[in-house]
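Examination of the molecular architecture
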Amino acid sequence: MMDLSILLALLQDGVVSGAVYGLLALALVLVFAVTRVILIPVGELVSFTALTYAGLEDGQIPEALPLLLALGALAFLRGALQDRGRSLGSLALQTLVLPAAIAGCAVLIAPLHAGIAVQAGLAIAVVAPMAPLLYRIAFRPLPEASVLVKLIAAVGVHLALTGLGLLCFGPEGARGPAFSDAVLTLGPMILTGQAVWVIFCTTAAMAALWAFFRLSLAGAALRATAINRRGARLVGISPDRSGLLAFWLAGLIAGLSGVLIAPLTTVYYDGGFLIGLKGFVAAIIAGLGSYPLAIAAALVVGVVESLSAFWASDFKEVIVFSVIIPVLLWRSLRHCAVGEEE
Amino acid sequence: MTRPMLILIALILLPWLPGMPLFWVSLANQIGISAIVAMGLVVLTGIAGMTSFVQAGLMGFGAYAAALVAQSWGLSPWLGLPAALLASGLAAVLMGAVTLRLSGHYLALSTIAWGVSLYFLFVNLDILGRNDGLSGLPPLSVAGYRLIDVRASAMVIGVSLLLSFIATRNLLNSRWGRALHALQGGEVAAASAGVNLGQARLLAFVYAALLAGLAGWLFAHLQRAVSPNPFGLVAGIQYLLMAVLGGAGFLPGALLGAAIVVLVNNWLQDLLPLLLGAGVNAETVVFGAGLVVLLQAAPTGLWPLLARASAMAHHPQGRTALPAPSAPNATELLQATRLHRRFGGLVAVADLSLSLHKGEILGLIGPNGAGKSTSFNLLSGVDHPDSGRVMLAGTDATGLAAPEMAKLGLARSFQHARLVAGLSVIENVALGAHLRGTASPLQAILRRDRAEEAALFATAARALDRVGLLAEADRPATSLALGQQRLVEIARALAASPAVLLLDEPAAGLRHAEKQALAALLRQLAASGMGVLLVEHDMEFVMSLAHRLVVLDFGTVIAAGTPAEIRQSPAVIEAYLGAAA
Amino acid sequence: MSALLQATGITIAYRGVRAVHGVSVSVAQGEIASVIGPNGAGKSSLLAGLMGLIPSGGQVLFEGEDISGLPAEARVARGLALVPETRDLFATMSVADNLRLGGYRHRFDTKAGRTRDLDAAYAMFPRLAERRGQLAGLLSGGERQMLAMARALMARPRLLMLDEPSLGLAPLIVRDIFRTVAGLRDQGVSVLLVEQNARAALALSAHASVLEGGRVTLSGPSAMLAADPRVTEMYLGAAPAAMA
């Protein structure tokens, strides 16, 4: 039987995970708008950050470091091959020096138990740069490819990262430390400190993104690339650099999501995929276009998930992914798909 | 009998060679089953351009249906085959009804969601044995002889593969196959030729699902057990990899891709635990990275690199073209009354009225941006007016979609030639006669459509001959020069034997002699009673050809009359050359 | 006077079909040059090639520097600007934001400098100042053309290339736009004008080339071309008597 306090607890769970899905949906909408890449591997970045964050609590040197350095080397080679040796210095700085510097810091800081904030920041710093590296390796060489080809490439990256995740982190799951163990009782509702933290961080991140897009010229340039790629080139914006920036932001958002989700559930190396996929459900509901709609949809997905976990836990995933069906139906009835792209 | 078929027959007999290691045979069985699934993806992704990650899930429907029939209900395993086909086909129809109208990447993404959902469904349903699945399936048996030996299974799998190959090839070499090819980039042209795009999409999806269902049934009886894992999303990605690796547009590529993926998978599973220790899932790394490298290095897959494969199919030679349908009685073939169309704040067409009579050539001209293309789209059903009326051969055609307009006897060409890249010149022309054929996909698969196909191709050949391109009939359509591609479009329109022919800049890119020939053809068509409306920039061409001209500027008719009258009109001269600033 | 832009042997293939064959054009410092020709002659492809938006063969010298092979972004940084036929505005952004992005090349300049550019743009097109808060996609055709030109000018280009600026505009607006172009020349901006409106283009420019079927068929001082009967013929076709 369900009483009010259970319902409120479920809603709280739903809103908390919905907030994280919302962050991921933002990253997906952003990357798609700028580069036409549907970033399936965002989920791996989430789980890698969560596992790194959990490992840092034990003073462990981040297990993802070899992966970061290897991706850097690969990105350097791919970039050098594509640009035929032009601007190698800046390429080396971004693909070799930066990852090495991060690795160096991580090795120094990890054993210190420097506190939750530092550990969270370090986990994000180790994993987030993988996103722009993956852009250089997999997507930058395919600038004119169709959305479909880029999607297949994204699925390939996802598959490869899952295998590499198992190699780095092993099959065991881990749970990161909570930001706060406080518990507030408000009438029938029990509010956990972690929930408050998640909602605070996601709101702050969303506000920061909003300010970046609306107030800064770099943000406007990113929006401009998304709206009209040719127009952006005509005012001197490089779509290539916009793509890189979009992937950086997506990496940072995925990293933050990973740190936020780590204390809420046990994360496995491949667990991020389902988390990311729920971000997708929200992003697709928003038509891969509208940021506010994506966040609203993500909250709905989170609540549906937490309610269905209570009533029919076995079919939780089936139900969550079925949310997409009426939306797709509505979209397909609204406009015919003939020749919409390509 | 083609070479790939001989190879397949040889493959069926090969396992019985003395000294053939049974392990190789069982690998071959895996390859065969996978190739059947991948062949469905060749049709769905390679030909029709729709990406699906859910083929493994559909295969699961087939496999579980087979297991339920043979194991849970204790019926004959052979009854499992229709059950498997029914289950996967029905699942595809339901999924397709919901998702197939979505465009490219939405469709692909929703198949990912389907893939995940189906896996969790298999894992959580009691009747399907949850995580453990169903085991202890009986083997297939023929006349009391139980096919337990892997070599016996190999025969069943080989025959299935062979039949799938033949069926798929037959389907692709039919009017339905041409419609499926058109789904990739030729949608607008196909719709104008009367192809129901939704139906064609569903056909591709269901056909691929049926092959997956067949593979599922084979898989269930080969393994004698069914569990959720082989039907999850990762498996779905692997089947797509097979199709892309082999060359998604080529049937033999499915076998090639399946062979490479299965063999590499097997090799990795043997080798990597030795190198890296157990519990490392290295094949996912190799396949994932392989997919990325492949898309960057060889986006067309391996088959076209290995074999100088001509994708061009053989088509039946026929002598008797289809008889021309009876012409409509109305003398006013096409009539537009007060058409308006605006896009946002821009008025593209304002108050356009015109009529086209039987046997008339009407020219629609105007400077750049005058609204000619929009008018043309409004008249041909590609776009619809905000207000106003379009009458076609006496029927109100306002708001009708392109295929319905085609049924009423309208055919058109496009300003940017919209030929279907995967088809030959004559196949593109035959696509124009789609509505004049009646064979169903099943008849096509069983080759019961040959007489009709011969007539369609004879009609197409005749149309090609009229535009002077019969000699190029078997070349890939997109290898022609742009001007000739326009002529192929006209031939495609003629193959429909239309009452009204709309041509968008037919003379652009043609050489002088070709223009003369085209003008002669159009005069001849008009003399036979066809109404011809052309938008044209080549003034010399249109002035010498048209009976009447309508001049548009800013979406409005600024002049109408004979070429001589138009040439004298000050309004027209100003619209073209501009007033001196 | 040395040429600001000197393009030699430009060849452009689009989807395997050659749109431009070995075309050479040049623009002198401070002059307006024009390219006229019928639809499908390859005019837009030529400009897109000169801008680096699509790959092209041949050599492009700008202020003596070989810029062939540079992407569009790099050409903007050297002082080229193109207002394409499609305008390519940022439709869901405000007029002000479109202009702000037009000055992207000078993003590291002082704020005062950028504000001065913006004020100059509004002074040149007062209509845009009235609409600064409106979304670009909601502007009328004439306002869009103004915004596209103003956005290009925000980059302070040395050479402004205009593709069919009169396309789909009412005669009065066309006149205003052509006056603006003449004014720009007087301020020292060189202009390469591609136009269908042949009379206006010839009246405005010092030199002109006629492009037909991807090749230059006539070129020379504009006044001479304006008097050439072959130019009229090209648009309306030969008189019936002259036809075979």
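Turning to the environment of F273 of chain A, a few remarks are in order. Within the fold, F273 of chain A resides in helix α12 (residues 272–285). Sequence separation between F273 of chain A and D83 of chain A is 190 residues, and the spatial gap between their C-alpha atoms is 33 Å. Not counting residues within four places of it along the chain, the set of residues in contact with F273 of chain A comprises I40, G43, E44 and H158 of chain A together with I112, V116 and L233 of chain B.

Once that is clear, we can look at the interface of chain C and chain A. By a widely used convention, the size of an interface equals the accessible area lost when the partners come together. Counting residues at the interface gives 25 residues for chain C, matched by 20 residues for chain A. In total, about 2,000 Å² of surface goes out of reach between chain C and chain A, with carbon and sulfur atoms giving 61% of it. At the junction of chain C and chain A, the tally comes to 3 salt bridges. With a shortest N-O distance of 3.6 Å, R223 of chain A and D97 of chain C are connected by a salt bridge. The set of elements that each furnish at least two residues to the side of chain C that touches chain A consists of α2 (72–78) and α3 (95–102) of chain C. By residue number, the principal contributor to the side of chain C that touches chain A is α3 of chain C, which donates 4 residues. Residue classes in the side of chain C that touches chain A are distributed as 13 nonpolar, 4 polar and 8 charged.

All names here are of chain B. The sheet built from 6 strands is open, its strands ordered β10-β11-β12-β7-β13-β14 with mixed pairing. Both edges of this open sheet fall to β10 (410–412) and β14 (556–561), since each of them pairs with a single strand only. Ignoring which end each strand starts from, the neighbouring axes of this sheet average 20° apart. Two strands pair when backbone bridges link them, and strand β13 (residues 548–553) and β14 are joined in this way by 5 bridges, in the antiparallel orientation. Note that in β14 the partner of L552 across the bridge is V557.

Let us look at the confidence of the model for chain C. Residue and element names in this part refer to chain C. When pLDDT is averaged across chain C, the result is 87; 92% of the residues are at 70 or more. Averaged pLDDT values over the elements of chain C bottom out at 71 in helix α10 (residues 229–236) and peak at 96 in strand β6 (residues 80–83). The low-confidence segment residues 238–244, where pLDDT is below 50, has 7 contacts with residues more than four positions distant or belonging to other chains. Interface scoring of the predicted complex returns ipTM 0.91; its pTM is 0.82.

Rules and cut-offs
- Residues numbered from 1 in each chain as written.
- Chains lettered and ligands numbered in written order.
- Predicted model: local features only at pLDDT ≥ 70, side-chain atom pairs only at ≥ 80, totals over all residues.
- Heavy atoms only, no water.
- Helix = DSSP H or I, 4+ residues; strand = E, 2+ residues; numbered from the N terminus.
- Contact = heavy atoms within 4.5 Å.
- Buried area = accessible area lost by both parts, 1.4 Å probe.
- Salt bridge = Lys/Arg side-chain N within 4 Å of Asp/Glu carboxyl O.
- Nonpolar A, V, L, I, M, F, W, Y, C, P; charged D, E, K, R; others polar.
- Pairing = 2+ DSSP bridges.
- Axes fitted to C-alpha atoms, helices over the stretch in contact; angles between N-to-C directions.
- pLDDT = per-residue confidence, 0-100.

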